[in-house]
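One letter stands for each residue in the lines below.
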Amino acid sequence: MSSYSYTPLSSGFGIEVGGVDLSKPLADGEFQSIERAFYDHQVLALRAQDITPAQFVAFARRFGPPQPHVIDQFHHPEDSNILILSNVKKDGQPTGLQDAGSYFHTDYSYLAVPARMTTLYSRVVPKVGGDTLFANQQAAYDDLSAAMKQRIAPLVAIHHYGNRNDQDEQSRTVASVLTEEQKAKMPLITHRIARPHPVTGRTCLYAVSGSSFGIVGMPDDEARELLDELAAHSTQAKYQLRFKYGPGDIVVWDNAALLHSATLIDPNDARTLWRITVLETSADAVAPDVLAPTFATGM
Ligand SMILES: [Fe+2]
């Protein structure tokens, strides 16, 4: 048992775990408490951490294998597993990726083996805004009508890198623009729309906003209409959680159970975050320690 405290971030999902200091090694039991809270609550917040790039990567690696981002211009110089998100310029040059993911999406849903989790470490907090929005895709699936669940059960969505609602490369809500070489590495891939969570087994709507551009065996206009209907449903305010960052805050989220969106801020209001993304693994199907009975929130 750990001595951590647990405070819900909202009535539906998300939890803040108090008493964690990632600058010190985590005992196995301590990490298991954190991991269980992560799968039970989908969004995990650890406030006011003060850690090095190596400590951040070591923490992320406990969840699974980190995967450096395809946008390699802004990898952290000390560790390529960290992607720097920033609007700060140095000598007129950007120091990080700006305006990344300002639309509802799931990280790496354009890869055959997508992201299990993403973690952000807040380094420079803007004066105004910069929140991350999350939408609970497990609850959104549960609330679908029986007819809609039956309709989407066999359906497989076609994904590729990008934002299906904005492909204007000059827009601030387009997916971060790739070079031709980076685009060449991005094939079409498919994922079930009603996707069993690889660890918990709970069915979730999967990436119905963002990288989903079509449905296998369905005319494009019909597929687009269905995906838009599901996205409108699953991003309603009642499924959302707004996360506000303080200095040093770390948030960790479950990509298989959520959509998320960055929010745009004044480009002159300095903001820097470090990001690590961890992939799913074939071991996801068997994680009995994680699937043990849940702890009581607040204990
Ligand atoms: Fe993202």
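Here, the structure is the one placed above.
Residues numbered from 1 in each chain as written. Predicted model: local features only at pLDDT ≥ 70, side-chain atom pairs only at ≥ 80, totals over all residues. Heavy atoms only, no water.

Draft legend 1. The environment of Ala-231, seen in detail. On the secondary structure map, Ala-231 appears in helix H6 (residues 220–234). Remark: the alpha-carbon pair of Ala-231 and Ala-207, spanning 24 residues in sequence, is separated by 8.5 Å. (Helix = DSSP H or I, 4+ residues; strand = E, 2+ residues; numbered from the N terminus.)

Draft legend 2. Summary view of a negative patch on the surface. A cluster of acidic side chains, namely Asp-220, Asp-221, Glu-222, Glu-225 and Glu-229, defines a negative patch on the protein surface. Within the secondary structure layout, Glu-225 lies in helix H6. A relative accessible area of 58% means that Glu-225 is categorised as exposed. (Patch = residues over 30% accessible without salt bridge, like charges linked within 9 Å, V, L, I, M, F, W, Y side chains within 5 Å. Areas by Shrake-Rupley, 256 points an atom, 1.4 Å probe, with all protein chains shown as cover. Salt bridge = Lys/Arg side-chain N within 4 Å of Asp/Glu carboxyl O. Lys, Arg positive; Asp, Glu negative; His and termini not counted. Charge placed at Lys NZ, Arg CZ, Asp CG, Glu CD. Buried < 20%, exposed > 50% of the residue type's maximum accessible area, 1.4 Å probe, protein only.)

Draft legend 3. Representation of the sheet that holds strand E1 (residues 5–8) within the structure. One open sheet holds the eight strands; their spatial order is E1-E2-E3-E16-E8-E18-E5-E4, and the pairing between them is mixed. If you trace the sheet from one side to the other, it starts and ends with E1 and strand E4 (75–76), each paired once. As defined by bridge partners, strand E8 (residues 115–124) adjoins strand E16 (residues 250–254) across five bridges and the pair is classed as antiparallel. Across the sheet, the residue bridging to Thr-118 is Trp-253, located in E16. (Pairing = 2+ DSSP bridges.)

Draft legend 4. Highlighting the coordination of the iron ion. Bound to the iron ion on the protein side are His-105 (NE2), Asp-107 (OD) and His-260 (NE2), at distances that span 2.1 to 2.2 Å. One chain supplies every donor to the iron ion, and in sequence these donors are spaced H-x1-D-x152-H. In this pair, Asp-107 sits in the loop between strand E7 (93–94) and E8 while His-260 sits in strand E17 (residues 258–262), placing the two residues 153 residues apart along the sequence. Here Asp-107 matches His-260 in class, with each residue buried. (Donors = N, O, S within 2.8 Å, 3.2 Å for Na, K, Ca; no water.)

Draft legend 5. How the structure looks around the pairing of E8. When you tally the buried positions in E8, you get eight out of 10 residues, the bulk of the element. As judged from the eight bridges shared by E8 and strand E18 (residues 272–279), these two strands associate in the antiparallel manner. Its bridge partner being in E18, Ala-115 is matched across the sheet by Leu-279.

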